[in-house]
Amino acid sequence: MLSRTAALLAASREYSTAAVVLHGLVAERFGLSATDVKALDVLQRRGPLTAGDIATATGLATASVTALVDRLEKKRLVRRTRAREDRRKVIVELTPTMHARVAPLFEPLERRMKKRMARYSVAELALIAAFMRGAAADMLAVISPSRETP
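Draft legend 1. Structural detail: a nonpolar patch on the surface. Together, Leu-8, Tyr-15, Leu-109, Met-113, Met-117, Tyr-120, Ile-128, Phe-131 and Met-132 make up an exposed nonpolar region whose accessible area comes to about 780 Å². Turning to its location among the elements, Met-113 is positioned in helix α6 (residues 107-117). The class of Met-113 is partly exposed, set by a relative accessible area of 30%.

Draft legend 2. Structural view of helix α2 (residues 34-46). Between its first and last C-alpha atoms α2 spans 18 Å; for 13 residues at 1.5 Å apiece the expected length is 18 Å, and the two agree. Among the residues making up α2, those that are buried are Asp-36, Val-37, Ala-39, Leu-40, Val-42 and Leu-43. One or two steps after α2, the chain reaches Gly-47, where phi turns positive at roughly 90°.

Draft legend 3. Broad picture of the packing of helix α3 (residues 51-58) against helix α4 (residues 62-74). The contact between α3 and α4 brings their axes to 9 Å, and the two run at 110°. Comparing the axis directions of α3 and α4 gives the class roughly perpendicular. Taking contact as the criterion, the partners of Ala-51, Ile-54, Ala-55 and Thr-58 in α3 are, on α4, Thr-62, Val-65 and Val-69. The residue inventory of the contact of α3 with α4, partitioned by class, reads five nonpolar, two polar and no charged.

Draft legend 4. Here's a closer look at the pairing of strand β2 (residues 90-94). β2 sits mainly inside the fold: four of its five residues count as buried. Direction of pairing for strand β1 (residues 78-82) relative to β2: antiparallel, over a ladder of five bridges. In the sheet register, Arg-79 faces β2, and the bridge partner there is Glu-93.

Draft legend 5. Region of the structure containing the pattern of salt bridges. The tally for this structure, following the rule as stated, stands at eight salt bridges. The closest approach of N and O atoms between Arg-71 and Asp-36, which form a salt bridge, is 2.6 Å. Pair noted here: Arg-71 is in helix α4 and Asp-36 is in helix α2, with a separation of 35 residues, a long-range link. For Asp-36, a relative accessible area of 1% gives the class buried. Its salt-bridge partner being Asp-41, residue Lys-38 comes within 3.5 Å of it at the nearest N-O pair.

Draft legend 6. Focus on a positive patch on the surface. Taken together, Arg-29, Lys-74, Lys-75, Arg-76 and Arg-101 make up a surface patch of like positive charges. Within the secondary structure, Lys-75 is located in the loop between α4 and β1. On the basis of relative accessibility, which here comes to 36%, the residue Lys-75 falls in the partly exposed class.

Conventions adopted
- Residues numbered from 1 in each chain as written.
- Predicted model: local features only at pLDDT ≥ 70, side-chain atom pairs only at ≥ 80, totals over all residues.
- Heavy atoms only, no water.
- Patch = residues over 30% accessible without salt bridge, like charges linked within 9 Å, V, L, I, M, F, W, Y side chains within 5 Å.
- Areas by Shrake-Rupley, 256 points an atom, 1.4 Å probe, with all protein chains shown as cover.
- Salt bridge = Lys/Arg side-chain N within 4 Å of Asp/Glu carboxyl O.
- Helix = DSSP H or I, 4+ residues; strand = E, 2+ residues; numbered from the N terminus.
- Buried < 20%, exposed > 50% of the residue type's maximum accessible area, 1.4 Å probe, protein only.
- Expected span 1.5 Å × (residues − 1).
- Axes fitted to C-alpha atoms, helices over the stretch in contact; angles between N-to-C directions.
- Parallel < 35°, antiparallel > 145°, perpendicular 65-115°, else oblique.
- Contact = heavy atoms within 4.5 Å.
- Nonpolar A, V, L, I, M, F, W, Y, C, P; charged D, E, K, R; others polar.
- Pairing = 2+ DSSP bridges.
- Lys, Arg positive; Asp, Glu negative; His and termini not counted.
- Charge placed at Lys NZ, Arg CZ, Asp CG, Glu CD.

So this is what it looks like as structure tokens:
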């Protein structure tokens, strides 16, 4: 029998594998990479960002982000705009095409997850959210030790 810690680590790995498979399938459908799909997710969660902000959020090199944005722009999923406060600054933002074509693919999952979450108390949901944020920070810290968080 697995210890609770081992069982939780196994469940975390199962979740991670399922997420990679899901994002890979969505990426394949649109001729994108899984990294492209995750960059779209970052933009959806955080709003318009600079290429440098995307690099920080994804752990990619700035040159890689430039190529990524070029691919997404070619597919009309993002667009580059100039910042109002500083016209030299380029902002990457999602397009209506992204919202119309890619986002709906995640709606069935979101509905299922919300139904699952309804089974838990507010305190339990806060605990789960804290665990997942911490686990995400741990993954990023393994990729880049300078991202270590307390």
